[in-house]
Amino acid sequence: MEKTDETWFQRIENMHPYQTLMYLGMFGSGLIFLFMTIAFLASGTDNMEAVGFRMPKSFILSTFVILVSGYTVSKMISFYKKESIRELKKALMLTFWLGVAFSILQLIGWQELTAMGVDFRGLPSGSFLYVLSGIHLFHLCGAMIFAVIMTLQYSKKEKDEIQEIVMLTNPFERMRIQLFTKYWYFMDLIWLVLFMIFVLTF
């Protein structure tokens, strides 16, 4: 018998519930960013020149930081395949600390915006800068919390050889790492798109 190709609906049905939830969450988040970006572009960004707006240096630095975090998170699955839980944990924690650095730079960027006179009481386009970057930061914090939980779990399993072997041969754990990696890539992409829109708009 010839094997028929699965439809997209059948593929969704065959997914693990965690995969389905994450992909649906990413789709929903993408729609939120899309609508908010459209509203931002329609808010009259030309008026920002009147207040002497320039791209905060911290936003530029944070872009480089999140690009580096995209590289560190990509190493996780390769370390898992090599069955090196120590290196996996290091890559995870390095990604977490880069996320912390990104978050701090975003907060400093908001201070720079305030110093320029760009705040929620001024131009609508200025308010959208806070809202868009804030929503992105909120989503990234969720991934950072999950990174801490995973690190604690790995530290616990690392002390027990049996649990370590079970973890390194468990398809569910591999799927979890892949989902975390994809979500982090998604957050990287969202920020890069937002940053490019900010640069090109102003």
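Look up: the structure comes first, before these words.
Residues numbered from 1 in each chain as written. Predicted model: local features only at pLDDT ≥ 70, side-chain atom pairs only at ≥ 80, totals over all residues. Heavy atoms only, no water.

What am I meant to see in unusual backbone geometry here?
Among all residues save glycine, negative phi is the norm, and among peptide bonds the norm is trans. One non-glycine residue, glutamate 83, adopts positive backbone phi at about 60°. Locating glutamate 83 in the fold gives a position in the loop between α3 (57-81) and α4 (85-115). A relative accessible area of 49% places glutamate 83 in the partly exposed class. (Helix = DSSP H or I, 4+ residues; strand = E, 2+ residues; numbered from the N terminus. Buried < 20%, exposed > 50% of the residue type's maximum accessible area, 1.4 Å probe, protein only.)

Looking at this model, I keep getting lost on the environment of isoleucine 165. Mind explaining?
Tracing the backbone through its elements, the reader meets isoleucine 165 in helix α6 (residues 161-168). Taking the C-alpha atoms as reference points, isoleucine 165 and glutamate 83, separated by 82 residues in sequence, lie 8.6 Å from one another.

Is there a simple way to think about the packing of aromatic side chains in this case?
Two aromatic rings are characterised by how far apart their centres lie and by the angle between their planes. Scanning all chains against the criterion turns up 10 aromatic pairs. Aromatic side chains phenylalanine 102 and tryptophan 191 sit 5.6 Å apart centroid to centroid with 80° between the ring planes, which places their arrangement in the edge-to-face category. In this pair, phenylalanine 102 is assigned in helix α4 and tryptophan 191 in helix α7 (residues 171-201), connecting sequence segments 89 residues apart. Both residues of the pair, phenylalanine 102 and tryptophan 191, belong to the buried class. An angle of 35° between the planes, with centres 6.2 Å apart, marks the rings of phenylalanine 146 and phenylalanine 180 as tilted. Taken together, the residues phenylalanine 146 in helix α5 (residues 124-158) and phenylalanine 180 in helix α7 connect sequence positions 34 residues apart. The class for phenylalanine 146 is partly exposed, based on a relative accessible area of 31%. Ring pairs connect the aromatic residues Phe40, Phe59, Phe102, Phe128, Trp191, Phe195 and Phe198, which therefore count as one cluster. Between the NZ or CZ atom of lysine 75 and the centre of the ring of phenylalanine 79, over which it lies, the distance is 6.0 Å. (Phe/Tyr/Trp six-rings, centres within 6.5 Å; stacked < 30°, edge-to-face > 60°. Lys NZ or Arg CZ within 6 Å of the ring centre and 35° of its normal.)

Whenever I open this one, the environment of arginine 54 confuses me. Can you help?
Here arginine 54 is to be found in the loop between α2 (17-41) and α3. Separated by 59 residues in sequence, arginine 54 and leucine 113 place their C-alpha atoms 8.6 Å apart.

What's the story with the pattern of salt bridges in this structure? I'm lost.
A pair can form between side chains of opposite charge whenever their charged atoms are brought close. Tallying each qualifying case throughout the model produces 2 salt bridges. Where arginine 176 meets glutamate 173, a salt bridge forms, and the shortest distance between an N and an O atom there is 3.0 Å. Note that arginine 176 and glutamate 173 are positioned in helix α7 at a spacing of 3 residues, about one turn of the helix. (Salt bridge = Lys/Arg side-chain N within 4 Å of Asp/Glu carboxyl O.)

What should I look at first to understand the side chain of serine 103 in this one?
With respect to the secondary-structure elements, serine 103 resides in helix α4. Once residues within four sequence positions are removed from consideration, serine 103 is found in contact with Leu137 and Met144. (Contact = heavy atoms within 4.5 Å.)

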